[in-house]
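Descriptive structure summary
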Number of protein chains: 2
Amino acid sequence: MRNTDHLYLQVAGGLEQMISEDVLKIGDKLPSVRMLSEEYGISMGTAFQAYYHLEGKGLIEARPKSGYYVRFNQRRFRELPREMAPESMSHEVTVKEMINSIYGDIALDNRKTVNLAIAVPDVSLLPVAKINKSVVQAMRQYKDHCISYEDSAGNPELRKQVAKLAFNWGGKIKPEEVVISSGCLEAITLCLRAVTKPGDTVAIESPNYFGIYQSAEQLGLKVVEVSSSPVTGLDLDHLKETLEQFPVKACVVTPNFNNPAGGCMPDENKKKLCALISRYNIPLIEDDIYGELYFGKKRPRTCKYYDTKGLVMHCSSLSKSLAPGYRIGWVLPGQFLDEVRFMKRMNDISSPTLTQAAMAHFLQHGRYEYHLKKLRNALHTQCLRYMQGIIEHLPESTKVSRPQGGLALWVELPKKINAFRLRTEAMKQHISIVPGKIFSSGRHYGHFIRISFGRPWNEEMNDALMTLGRIIRKML
Amino acid sequence: MRNTDHLYLQVAGGLEQMISEDVLKIGDKLPSVRMLSEEYGISMGTAFQAYYHLEGKGLIEARPKSGYYVRFNQRRFRELPREMAPESMSHEVTVKEMINSIYGDIALDNRKTVNLAIAVPDVSLLPVAKINKSVVQAMRQYKDHCISYEDSAGNPELRKQVAKLAFNWGGKIKPEEVVISSGCLEAITLCLRAVTKPGDTVAIESPNYFGIYQSAEQLGLKVVEVSSSPVTGLDLDHLKETLEQFPVKACVVTPNFNNPAGGCMPDENKKKLCALISRYNIPLIEDDIYGELYFGKKRPRTCKYYDTKGLVMHCSSLSKSLAPGYRIGWVLPGQFLDEVRFMKRMNDISSPTLTQAAMAHFLQHGRYEYHLKKLRNALHTQCLRYMQGIIEHLPESTKVSRPQGGLALWVELPKKINAFRLRTEAMKQHISIVPGKIFSSGRHYGHFIRISFGRPWNEEMNDALMTLGRIIRKML
């Protein structure tokens, strides 16, 4: 036994050194237990013990049906990015002008720019052939070949499939409780329009996806930002203070893998959040667009799961996991079903029949769960690779989030850096990043940037981060 | 010569009698000149003269490359529906509740209801096979198989094709001046959002498509209704008074084949309209969704054609001519290009990539002009058939529009009739119609209904109108 003890520690120690010296990089797959035993001439039991030891130290992790991966490199990580300070007043949103230049990146694919801006999985990670097949099947299956108008609430089969997806977080949803939208942003906007009127105040998690701030601005709403941790998400105490202080008519929260900060609210906090909004009787718009892209062992729950009064309006889409360009999202509007359905009608009558029918067919026949497993695995690896790249190439004092899901890293640069100027300089070198300021009403995160890891890591990405580091050092 | 004179008049007289006795019904195709000459044993010249004579009397009409059709039956037609009286105050819109029950009709196709409500061409009139082919081609042609996000302003090839379509009304539009939307209603809403803010006053043609009134209501706008004739469309004098009296921030007009009233502004009036809004510097939102569905010899012009200052925001779509369920519309926003593009981004980021690419392919390769010719011909015939059915089966005092394009008939019933109650009774007999009141802010047209003629005429339609007539007589 002693000898074996010694042996597994020896093997583990060797691996640990390789990790700390970056011979084995974050996200690298380790040899299988069998291969390790053969390589080192040890028993499979000893090999397993070595991995178990490293797993206990948090350096590697087992992923179900996939093997062991390098997870962490303690010495290389530094502080997490900071939260914003609580606000003392509500204000009008003023991010509009800042964002216009960013949106051009959305169709950058054909150009020579390294796109670290857009938060979608690369097309190579998506089941394109199966989706195409579903499109053809949809055209065949339907009597009118998907030419006619669809019901405003959406394709009946798709609503059924969306209701089924709710099982993943323990939800019991009927198809009639689903309203299909044109992506998650339309979903959130429909919810805002359903429960607010111009001049109302809404509480929005900060930082958060800029589309949400823009939507609130356009609807003539006042905003109070509620701070969010890059680890545990929404700050409940801050929200409570906000609700006491302001006449808040709705809250918008991204509890699972906030974009950009990456925080994920512990399920216990979600429960508390639901209790809080219930006490104040305030609708909660839950943006769960990244909920299925978790890196851990199981899907985090949603606020909707803890909703007893029908106050939670759960929004999500297939844009981050299946087909961004199909613009298929949905709302589970709880007690606001009629209002949301009405808003959808008024916005564009209904979403396209063909894309809905195709996605319904895919969810029914396309092995979505299998695809998601592969996608999560790939994104997890990419996340770790990009983190490592940032640590290697950006200045020492850079702080970076450690998201357990989603598609983006939240990076705090030295305070002197103006991230807007950085973007301008980076674009000259054909690198696109998103400045942090647009993830708020324009008053915070001036030296933050968001780096998306949706595209597989390669030399090009490495070079881009190296260039970015050079530009930042020059700016300092 | 005298003898020939006599002959053609004799033949024409016989035909005229057949028309007045409904042996030849409105919309019926007449024998070709050659066939007529053979049938009556007269020369082709005499046969031609007979038709020429009837055409001069307005009873029949020649359609290019198609032949002669029964156009009119003077004695059977009665008065046109009335216009509304000018308004003396602006007011908030209140049609919301009324419309909810109507929208269910949109996906009625699978049920046993005779749908006289929805204003789209029947699927049998649409080039389904060619559209399906274009979908498959689009998936093949694009590198990313139309899975990725599209540019917010739309697919570049589709914008090119839309710019080309503007040739039809003499427009010279660059692809960069086009913004693709999710159907015409989204287009109009984007325009309203681009040039107004809550509390502003807009002038809307009355009657007009209820979606426009709803959109204005939802945006918190005040509305002044401007009356419209079922023949010449918008009442320019009334608009002028309105602009003098109210702080109007935008006008919404459907110059070609107003839905529901069917009026078409003479091109001269469009020119005057543009001069008027230019003088007041007020944006004009032009809904030209029916512009291509003209029954006459040439396409009516648009207001955009006469726009010298970029104040006209021209909106249209493919929903009434090609694929309602694809939700493809567009705006030519003139000087408001940036604003409209921004609103589109904020509403749903972009329209779906696949449906845009498919429509672009169809417009390039699908012989759209050829399809339109066939469609116009079919709709013209259907229009006349439905008119005849209304005249035959509805009470004597019923007034009906005589549209020269579009998809709908505007029917004024005896004053006693509450069209909402009529709809309820008709639905019990599985007949769906649209009550007139929803085509305004809810204060006019209480005894009007809209009958759509998008579906080919058959016994079922005839029976439905007969039943409708019976219900109305019972209500009187």
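What counts as what
In this numbering scheme, every chain counts its residues from 1 along its sequence in written order. Lettering for chains starts from A, numbering for ligands starts from 1, and both go in the order in which the items are written. Where local features are concerned, this predicted model is filtered to residues with pLDDT of at least 70; where side-chain atom pairs are given and counted, the filter is 80 or more; whole-chain, interface and lining totals use all residues. Here the side-chain values reflect all heavy atoms present in the structure, with hydrogen atoms and water set aside. We count a stretch as a helix when DSSP gives it H or I for four or more residues in a row; a strand needs E for two or more, and each element gets its number in order from the N terminus. A residue counts toward a patch only above 30% relative accessible area and without a salt bridge, and it is joined to like-charged neighbours within 9 Å or, for Val, Leu, Ile, Met, Phe, Trp and Tyr, to nonpolar neighbours within 5 Å. Only the protein chains shown count as cover for residues, and the accessible areas themselves come from Shrake-Rupley with a 1.4 Å probe. Should a side-chain nitrogen of Lys or Arg be within 4 Å of a carboxyl oxygen of Asp or Glu, the pair is scored as a salt bridge. When charges are counted, Lys and Arg are positive and Asp and Glu negative, with His and the chain ends excluded. A charged residue contributes its charge at one atom only: NZ of Lys, CZ of Arg, CG of Asp or CD of Glu. Note on contacts: a residue pair is in contact if any heavy atoms of the two residues lie within 4.5 Å. Once two parts are joined, some of their accessible surface, as seen by a 1.4 Å probe, is lost; buried area is that loss totalled over both. Each residue receives one of three labels: charged for Asp, Glu, Lys and Arg, nonpolar for Ala, Val, Leu, Ile, Met, Phe, Trp, Tyr, Cys and Pro, and polar for the others, Gly being one of them. The split of the chain into domains comes from an automatic or database domain assignment. Each residue carries a pLDDT score, the predictor's own confidence in it, on a scale running from 0 to 100.

All right, on to unusual backbone geometry then. Omega for the bond connecting S206 of chain A with P207 of chain A falls within 30 degrees of zero, at 0°, which places this linkage in the cis form. With respect to the secondary-structure elements, P207 of chain A resides in the loop between strand 5 (201-206) and helix 8 (210-218). The residue after N259 of chain A, namely P260 of chain A, is reached through a cis peptide bond having omega 20°. Mapped onto the elements, P260 of chain A comes out in the loop between strand 8 (248-253) and helix 10 (267-280). Not every positive phi belongs to a glycine, and H430 of chain A is a case in point at roughly 60°. When you line up the elements, H430 of chain A lands in the loop between helix 14 (419-428) and strand 14 (431-432). For Y445 of chain B, which is not glycine, the phi dihedral falls at a positive 60°.

Here we take up a positive patch on the surface. Together, K130, K133, R367 and K374 of chain A make up a region of like positive charge exposed at the surface. Here K374 of chain A shows up in helix 13 (residues 368-393).

Here the focus is the interface of chain B and chain A. Counting residues at the interface gives 57 residues for chain B and 57 residues for chain A. For the pair chain B and chain A, the two sides together bury roughly 5100 Å², of which 65% comes from carbon and sulfur. Counting the contacts that link chain B with chain A gives zero salt bridges. Secondary structure elements with two or more residues in the side of chain B that touches chain A: helix 4 (96-103), helix 5 (128-141), helix 7 (183-195), helix 8 (210-218), helix 11 (337-348) and helix 12 (353-365) of chain B. Here the residues of the side of chain B that touches chain A sort into 28 nonpolar, 17 polar and twelve charged.

We now examine the domain arrangement of chain A. By a widely used convention, the size of an interface equals the accessible area lost when the partners come together. All names here are of chain A. Here chain A is described as being made up of domain 1 (2-75), domain 2 (97-124 + 370-475) and domain 3 (128-365). Computed from C-alpha atoms alone, the centre-to-centre distance between domain 2 and domain 3 is 25 Å. Each partner contributes to the interface: domain 2 provides 31 residues, whereas domain 3 provides 26 residues. Summing both sides of the interface, domain 2 and domain 3 together bury roughly 2500 Å²; the carbon and sulfur share of this comes to 64%.

Confidence along chain A averages 89 in pLDDT terms, with 93% of residues attaining 70 or more. On the interface metric, ipTM, the complex scores 0.81, and its pTM is 0.84.

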